[in-house]
Amino acid sequence: MGGSGRERVMHRRLAFIDTLRGIAILSVVVQHALEVIVREHPTGAYHSIIHDAIGYYMNFGRFGVVLFFLVSGFVIPFSFPGGASPVNDFSISRFFRLYPAYWTSIAVGLVTMQAVESRTYPLSQIAANLTMLQTFLEIPHLWDFYWTLTIELMFYVVCIVLFAAGLLNRRLTAVAIVAATALVGTTLAVLIENRATWIVMEAALNLSAMFLGKIVRDTIIGRELRWRYVGVCTALYAGFAITLAGRRYGGIYEQDFFYSYSIGAAYVCAALVFVTFAAFGEKMACRPIAFLGVISYSTYLMSPFAMVWVHHYTWLGDGPLEWFAFVTAVVMASIFVSWLSYSFIEKPWLAFGRKLRSDSRSPVALEPALSHHGAAQ
C-alpha cells in the first residue's frame, strides 16, 4: 500500500474495528446477564455448567473489556489533529466523546437504582464520580463498571505526554513500552506477594494492551513494523497476563466469576482475536455487529441499567428457555436505549466539540473504542 493509500485508511472509519467493538460489547452484556441468572436464581443442575463457563474457564466480560482496550490503542494515538493546537484539540474531542454520555449514564443510574431498588448514594460520591476522577480521589465508583474509564483516561494522559515529548509516533516507542511492562510486571508478579501491587500491575497490563493495539496498527496500516514485533510483544503480554492472573485471581474458586484461568484466558483470547481481525482487515467486517460497535460506548454505559429494569419487571421464571429469553431481552433493551443515547447525546455533543477545535477536520475513523467497557469486568 502506497503512502496515499495509507493516508486514506487513516482517515476513514474501519468496519472491522467497529465489528470488534460490537463483539466486545455483546460479550460484556451477555456475561453480566448470565451472572444475574447464576447469582440470583436457582439454576439447579445447570449451575456448574453456566457458572464454570463464564467464571472458571472464560470471563467474557473481561474479554470484551480487553478487546476495547486493544481497539483504543489502535485508534487513540492517531487521534491528534493536525491543527495549531493538537493537544488542546485532542483533549476537547476526548472530553465531548466521554463525558456527556457518562453524565447521562449517572443520571439514568441514579433514577434506576432509586426507582427499582430504593437505593441512594451520598452526594459527595456522586460529585466525585461526575469528574470521572473518583479513583484518584480514593472515592468508590457509583457502579463498578466505571473502572474501565479510569484506564481510558490514564491512556489519554500517557498519549498526551508522549505526543508532547515527540515520542508517541516514534517507531519503537510502543514496542518498548509493551516489552518493558511485560518483563518488569511478570518479574514483580512472581517476586512480590502484595495485593495492592497486583492491582497496580493490572492497570499496567491494561495500558500495555492499548499499546499492543498501537503496535498492530503500526504494522498493518503504518507499515512501520514487521509482524515479528507483533508476535514477540503479544507473547510477552500474554505471559504477563497469565502470570498476573495466576497471582491475583488464583487459589480457591469463589462465587465471584474471577479466577486465574478465566481472567488469563480473557486477556490472551482478546489479543488473539484482535490480531486475527487486524491481519485480515475489512474481510472480517460484519455490518450488523459493526452497528453495535458504533453505539458500543452508550451500550457499555446504559446496559447495566437496562438489565436492572428487564430483570425486575419482565422475569419469566427459571429454566433454559426463560434464561435465554432474559438474556435476549437484556441485549435488545440495551441496544434500543443505547441507540437513543447515541443519537441524542453522543452525536450532538461530538458535533459541538468539533466546532470548538482549532482544526475542524475530524476523521471519524479515529473515534475511541470505549470504552470500553457493561459491568465490573
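Calculation criteria
- Residues take numbers from 1 onward in each chain, read along the sequence in its written order.
- For this predicted model, a pLDDT threshold of at least 70 governs which residues receive local features, and a threshold of 80 or more governs which side-chain atom pairs are given and counted, while totals over whole chains, interfaces and linings are taken from all residues.
- Water and hydrogen atoms were dropped before computing side-chain values, which therefore reflect all heavy atoms in the structure.
- The helix and strand labels rest on DSSP assignments: H or I over at least four residues marks a helix, E over at least two residues marks a strand, and numbering proceeds from the N terminus.
- Exposure classes here rest on a 1.4 Å probe applied to the protein chains alone. A residue is buried below 20% of its type maximum, exposed above 50%, and partly exposed in between.
- Only Phe, Tyr and Trp rings take part, Trp by its six-membered ring, and two of them pair if their centres are within 6.5 Å. Stacked means planes under 30 degrees apart, edge-to-face means over 60, and tilted covers everything else.
- Any Lys NZ or Arg CZ found within 6 Å of a ring centre and within 35 degrees of that ring's normal is scored as a charge over the ring.
- Salt bridges are defined as contacts in which a side-chain nitrogen from Lys or Arg sits within 4 Å of a carboxyl oxygen from Asp or Glu.

Caption draft 1: Up close: the side chain of His141. Here His141 lies in the loop between α6 (123-130) and α7 (147-164). The exposure class assigned to His141 is buried, which follows from its relative accessible area of 17%.

Caption draft 2: Molecular detail of the packing of aromatic side chains. One pass over the full model with this rule turns up 31 aromatic pairs. An angle of 10 degrees between the planes, with centres 4.1 Å apart, marks the rings of Phe80 and Phe90 as stacked. Taken together, the residues span a long stretch of sequence, with Phe80 in the loop between α4 (60-75) and α5 (86-117) and Phe90 in helix α5 at a distance of 10 residues. Take Phe80 and Phe90: they sit in the same class, and that class is buried. Look at Phe145 and Tyr146: their rings are 4.8 Å apart centre to centre, the planes differ by 65 degrees, and that puts the pair in the edge-to-face class. Assessed through its relative accessible area of 4%, Phe145 is described here as buried. Residue classification places Tyr146 among the buried positions, given a relative accessible area of 1%. In this structure, Arg217 packs its charged tip against the face of Phe78, placed 4.5 Å from the ring centre.

Caption draft 3: Examining the pattern of salt bridges more closely. With the rule as written, the count across this model stands at eight salt bridges. For Glu117, the salt bridge goes to Arg119, with nearest N and O atoms at 2.7 Å. Among the residues examined, Glu117 registers a relative accessible area of 39% and is labelled partly exposed. We note a salt bridge from Arg247 to Glu193, for which the minimum N-O separation is 3.0 Å. Here Glu193 lies in the loop between α8 (173-191) and α9 (195-220) and Arg247 lies in helix α10 (residues 227-249), a separation of 54 residues in the sequence. A relative accessible area of 26% means that Arg247 is categorised as partly exposed. The network of salt bridges with shared partners includes Arg62, Glu202 and Arg248.

Caption draft 4: How the structure looks around the environment of Gly319. Tracing the chain through its elements places Gly319 in the loop between α13 (296-314) and α14 (320-355). For Gly319, a relative accessible area of 10% translates into the label buried. Between the C-alpha atom of Gly319 and that of Tyr46, which follows or precedes it by 273 residues, the distance is 9.0 Å.

Interpretation in functional terms is not warranted from these geometric data alone.
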